[in-house]
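# Notes for the structure review
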Amino acid sequence: MTKYQLIAATGCPTGIAHTYMAQEALEQAAKKKGITIKVETHGQVGVENELSPEEIAGADAVIIAADKDVHAERFAGKRIIDVPVAKGIKDAEQLIDDALAGKGKISHEENSAAVEQENEKSSGIGRSIYKNLMNGVSHMLPFVVSGGVLIAISFLWGIYSADPTNAQYNELAARLNSIGGFAMSMMVPVLSAYIAESIAKRPGLVVGFVGGLIAADGGTGFLGGIVSGFLAGYVILGLGKLLNPLPKSLDGLKAIFLYPVLGVAVTGIIMSLVSGPMSSVNEAMMNFLAGFENSSPLVLGIIVGCMCAFDMGGPINKAAYVTGTALLAEGNTTFMAGVSAACIAPPLITGFAVLLFGKYFDKNDRNAGLVNFILGSTHITEGAIPFAAKDPLRVLPTMMIGSSIAAVLTYMFKVQVPAPHGGFLVLPVVTHGLLWVVAILAGSIVGGVMLGFIQKNRVKKA
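Per an unreviewed UniProt entry, the protein carries the name PTS system, Fru family, IIC component and comes from Enterococcus pallens ATCC BAA-351. As its UniProt record puts it under Subcellular location (unreviewed entry), the protein is described as follows: "Cell inner membrane".

Right, let's talk about the overall build of the protein for a bit. For the protein, the helix and strand inventory stands at 18 helices and six strands. Computed over the C-alpha atoms, the radius of gyration of the protein is 23 Å, within 12% of the 23 Å expected from 2.2 N^0.38 for a compact globule of 462 residues. The principal-axis extents of the C-alpha atoms in the protein amount to approximately 70 × 65 × 35 Å. Looking at the protein as a whole, 53% of its 462 residues are labelled buried. Within the protein, counting contacts between residues at least 6 apart in sequence, those at least 24 apart form 72% of the total. Within the structure as shown, the protein displays about 19800 Å² of accessible surface, and the carbon and sulfur contribution to it stands at 64%. Mean positive and mean negative side-chain charge positions of the protein (33 and 34 charges, respectively) differ by 9 Å.

The domains assigned to the protein are domain 1 (6–107), domain 2 (124–283) and domain 3 (296–461). Each of domain 1 and domain 3 has a C-alpha centre, and the two are 29 Å apart.

To continue, consider the pairing of strand S1 (residues 6–11). By the criterion of burial, S1 is predominantly enclosed, with six of the six residues buried. Of the two faces of S1, the one holding Leu 6, Ala 8 and Thr 10 and the one holding Ile 7, Ala 9 and Gly 11 are both buried throughout. Where S1 meets strand S2 (residues 37–43), six bridges bridge the pair, whose relative direction is parallel. Bridging from a neighbouring strand, Gly 11 pairs with His 42 of S2. Relative to strand S4 (residues 61–66), S1 is paired through six bridges, and the arrangement is parallel. The partner of Ala 8 across the bridge, within S4, is Ile 63.

Turning to the packing of helix H12 (residues 297–310) against helix H13 (residues 315–329), a few remarks are in order. Interhelical geometry of H12 versus H13 gives an angle of 135 degrees and a closest axis separation of 6 Å. Considering the angle they form, H12 stands oblique to H13. Between H12 and H13 lies a crossing of left-handed hand. In contact with Met 307, Cys 308 and Phe 310 of H12, H13 contributes Ile 316, Asn 317, Ala 319 and Ala 320. Here the residues of the contact of H12 with H13 are counted per class, giving six nonpolar, one polar and no charged.

With that out of the way, let us pick up unusual backbone geometry. With a phi close to 60 degrees, His 71 is a non-glycine residue in the positive phi region. Of note in this structure, His 432 is not a glycine but carries a positive phi near 60 degrees. With respect to the helices and strands, the residue His 432 is situated in the loop between helix H17 (392–412) and helix H18 (433–461).

Here six strands make up an open sheet; going across it, the order is S3-S2-S1-S4-S5-S6 and the pairing mixed. Since the sheet does not close on itself, it has two edges, and those belong to strand S3 (46–48) and strand S6 (105–106), each with one partner. Running over the sheet, helix H1 (residues 18–33) touches S1, S2, S3 and S4 and is turned about 175 degrees from S2.

This part is about a nonpolar patch on the surface. On the surface, Leu 253, Ile 256, Phe 257, Val 261 and Leu 262 cluster together to form a nonpolar patch covering roughly 460 Å² of accessible area. You can see Leu 253 is positioned in helix H11 (residues 251–295).

Turning our eyes to something else, we now look at the pattern of salt bridges. Side-chain pairs of opposite charge can arise whenever the charged atoms involved come near each other. Counting across every chain of the model gives 11 salt bridges. A salt bridge links Lys 201 to Glu 73; the shortest N-O distance between them is 4.0 Å. Taken together, the positions of Lys 201 in the loop between helix H8 (187–200) and helix H9 (202–217) and Glu 73 in the loop between S4 and strand S5 (79–83) put the pair 128 residues apart, joining distant regions of the chain. On the accessibility criterion, Lys 201 (7% relative accessible area) is buried.

Cut-off values and rules
- Residue positions are given per chain, counting from 1 as you read along its sequence in written order.
- Predicted model: local features are reported for residues with pLDDT of at least 70 only, side-chain atom pairs are reported and counted for 80 or more only, and whole-chain, interface and lining totals are derived from all residues.
- Computation of side-chain values: all heavy atoms of the structure, hydrogens and water removed.
- UniProt positions are given in the numbering used here, feature names are shortened, and annotations may be inferred rather than shown by experiment.
- Under the scheme used here, helices are H or I runs from DSSP no shorter than 4 residues and strands are E runs no shorter than 2 residues, and both carry numbers assigned from the N terminus.
- Just to be clear, the radius of gyration here is over C-alpha atoms, and the globule rule we use is 2.2 Å times residues to the power 0.38.
- Buried, partly exposed and exposed residues are distinguished by accessible area as a fraction of the type maximum, computed with a 1.4 Å probe on protein chains only: under 20%, between the cut-offs, and over 50%, respectively.
- We call two residues contacting when some pair of their heavy atoms lies within 4.5 Å.
- In these tables, accessible area is a Shrake-Rupley quantity obtained with a 1.4 Å probe, and a residue counts as shielded only by the protein chains included in the view.
- Positive residues here are Lys and Arg, negative ones are Asp and Glu, while His and the chain termini are left out of the count.
- By convention, the charge on Lys lies at NZ, on Arg at CZ, on Asp at CG and on Glu at CD.
- Domain start and stop positions are those given by an automatic or database domain assignment.
- Two strands are counted as paired when DSSP detects at least two bridges linking them.
- Helix axes are fitted only over the stretch in contact, all axes being lines through C-alpha atoms; the angle between N-to-C directions runs from 0 to 180 degrees.
- Roughly parallel means an angle under 35 degrees; roughly antiparallel, over 145; roughly perpendicular, 65 to 115; everything else is oblique.
- What makes a crossing left-handed is the near helix being turned counterclockwise from the far one by less than a right angle; a clockwise turn instead makes it right-handed.
- Classification used: nonpolar for Ala, Val, Leu, Ile, Met, Phe, Trp, Tyr, Cys and Pro, charged for Asp, Glu, Lys and Arg, polar for all others including Gly.
- Each patch is built from residues that are more than 30% exposed by relative accessible area and take part in no salt bridge. Like charges join if they lie within 9 Å; nonpolar side chains (Val, Leu, Ile, Met, Phe, Trp, Tyr) join within 5 Å.
- Criterion for a salt bridge: a side-chain nitrogen of Lys or Arg within 4 Å of a carboxyl oxygen of Asp or Glu.

If you want it as structure tokens, here you go:
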């Protein structure tokens, strides 16, 4: 078995692009420095290139470039450098230099709760909250995607095709609608469960599930799922401290009896008490956003467009994306349409820039821009990151303008998108799909022309 000098784990909330871009960046940087490295990825298909206990034991240091839980407790006793996944893409060489120089933190505890608390202290509370939240989101997304698309397909037979009392009723459509509904109904419990799992590992999972079910039953929506997830996770951590004096021989009893029973009881009671007020907050937020959609698509489109293009897969982008996904599960398919348009536009902007101003870009950029037509069309915003990284002060505002135009036009055209991912692949189930494509192309071409002129001026000055 190969002994690797360094090992790494990468993971992003959606598990589609950032995860593998960070893997590639770290592997290339290691190769350049003559270092052996193995990078484990935590994508939507699960764990790939998994690190064995022997490989972990033999490595000199560990690099974690992730915005989700990658089971860091496995690396107890190793020197760990823990950073956001975006840093793994942008600063791969620096991370490897730091790992070789002995930087990072060593966790001496095997206990997962202690590891989590140590990571939280070293990486900052804000990032820890974001990572736990995104762990829930990454597990939740497949449920919303599958459920939303199946429900949308059922509408192809008619908007009332699932209603047995209506003339449009179709048995297959009704079955698809029902299956899609079951998938969508899992959104809040799964979100809550995997937030709790990220905080307290396996003991938090069952408590988070039950808390999420209570949140969903109480009408608190995704906000309730977030609250119940964090509550469940920290209740388990608190129980861990409270029960710590018990003899080691009772660890099995704690895991199978005390943690689930006490955790579910405490979390369940608290969630039952706060469900009423939280339901009101959730309803008020939805009404507020729905009001924007109807009264001021310009303002809403600009806000959504700027958020989605500002950091392309980062926390601000994800805030808009998670809101759109949550509203989708509540039956609001309009808000997500603007979010999707704003996320699709940045890669297409780079594609149109190299297509229209090709002679001002080098060969690598031209190739990347053309590939971004494919990435953008499938809702992978991260393809635009290399262009933005070279000149963020001018490129990012350009992306934000293009995305805002796409989002504003989408809201003006009253487009409805029933799936939070897939890009143009979900066009058959998009309401006013042709107008949606027009809106995205308009924003992308305007942004592409602006980016092309920026590159032209840069080349001429050089």
